[in-house]
Amino acid sequence: MKTRWIFLGLLVSLMPLASCESNDDATTPQADVNASELQSAALQGQWRITYYFDSEKEETSDYAGYVFTFGADGTVSAINGTTEVTGTWSVTDSNSSDDDSFDDSSDVDFNLFFTSPADFEELSDDWDILQYNASRIELIDVSGGDGSTDYLTFQKI
């Protein structure tokens, strides 16, 4: 009988540990972002948007067929056949967090700006970096107004 109570006590004390869940999803910005390394990666080759989630719905298909090229002069072009959309881009590293609505440990932003068409205007923002490497750039933006979250992923072609 005493053994059963010890076992029961041990079981109850371990239950909180068993209910803990590991979250491997990249939902917080990468802390060790090197701005010049990220900029260099973006400048190499052509990219496609493989994921775009705007607040409450996925809108990746809005950019299907577009090939993005990031220029050293700060221009970005998105070409789909004979349709070309141009904008500007930059990678900034500042100690100021006045433009960040996301509590991140990195002050590096991936900035995009398009004036038209409307689908591309939605990409205009100072994005925080979730993860990046030479072939993939994953970005996040949390709105300061309503707290909605947008995700944007570029994959190198």
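Up top is the structure these notes are about.
Anyway, here's the lowdown on the structure attached to this text. Values in this document were obtained by computation on a predicted structure and should not be read as measured data. (Residues numbered from 1 in each chain as written. Predicted model: local features only at pLDDT ≥ 70, side-chain atom pairs only at ≥ 80, totals over all residues. Heavy atoms only, no water.)

Considerations on the overall build of the protein chain
What the protein chain contains, in helices and strands, is three helices and nine strands. Shown N-terminal to C-terminal, the secondary structure of the protein chain runs as helices and strands in the order α-α-β-β-β-β-β-β-α-β-β-β. Looking at the protein chain as a whole, 36% of its 157 residues qualify as buried. Taking the contacts inside the protein chain whose residues are at least 6 apart along the sequence as the reference set, 49% of them involve residues at least 24 apart. (Helix = DSSP H or I, 4+ residues; strand = E, 2+ residues; numbered from the N terminus. Buried < 20%, exposed > 50% of the residue type's maximum accessible area, 1.4 Å probe, protein only. Contact = heavy atoms within 4.5 Å.)

Side note on the environment of glycine 71
With respect to the helices and strands, glycine 71 occurs in the loop between strand 3 (67–70) and strand 4 (75–80). Residues glycine 71 and leucine 43 lie 28 residues apart in sequence; the distance between their C-alpha atoms is 6.2 Å. Setting aside chain neighbours within four positions, we find glycine 71 in contact with Leu43 and Trp89.

Thoughts on the nonpolar core
In terms of nonpolar packing, the biggest core is built from 29 residues, with Phe68, Phe70, Phe110, Leu112, Leu123 and Phe154 touching the most fellow members. Apart from the residues within four sequence positions on either side, phenylalanine 70 is in contact with Ala42, Leu43, Trp47, Thr75, Val76, Trp89, Phe110, Leu112 and Phe154. (Core = buried A, V, L, I, M, F, W, Y, C linked by side-chain atoms within 4.5 Å.)

Notes on the pairing of strand 6 (residues 108–113)
The element strand 6 is largely enclosed, with a buried count of five among its six residues. Two strands pair when backbone bridges link them, and strand 6 and strand 7 (residues 125–133) are joined in this way by four bridges, in the antiparallel orientation. Along strand 7, the bridge assignment pairs phenylalanine 110 with tryptophan 127. (Pairing = 2+ DSSP bridges.)

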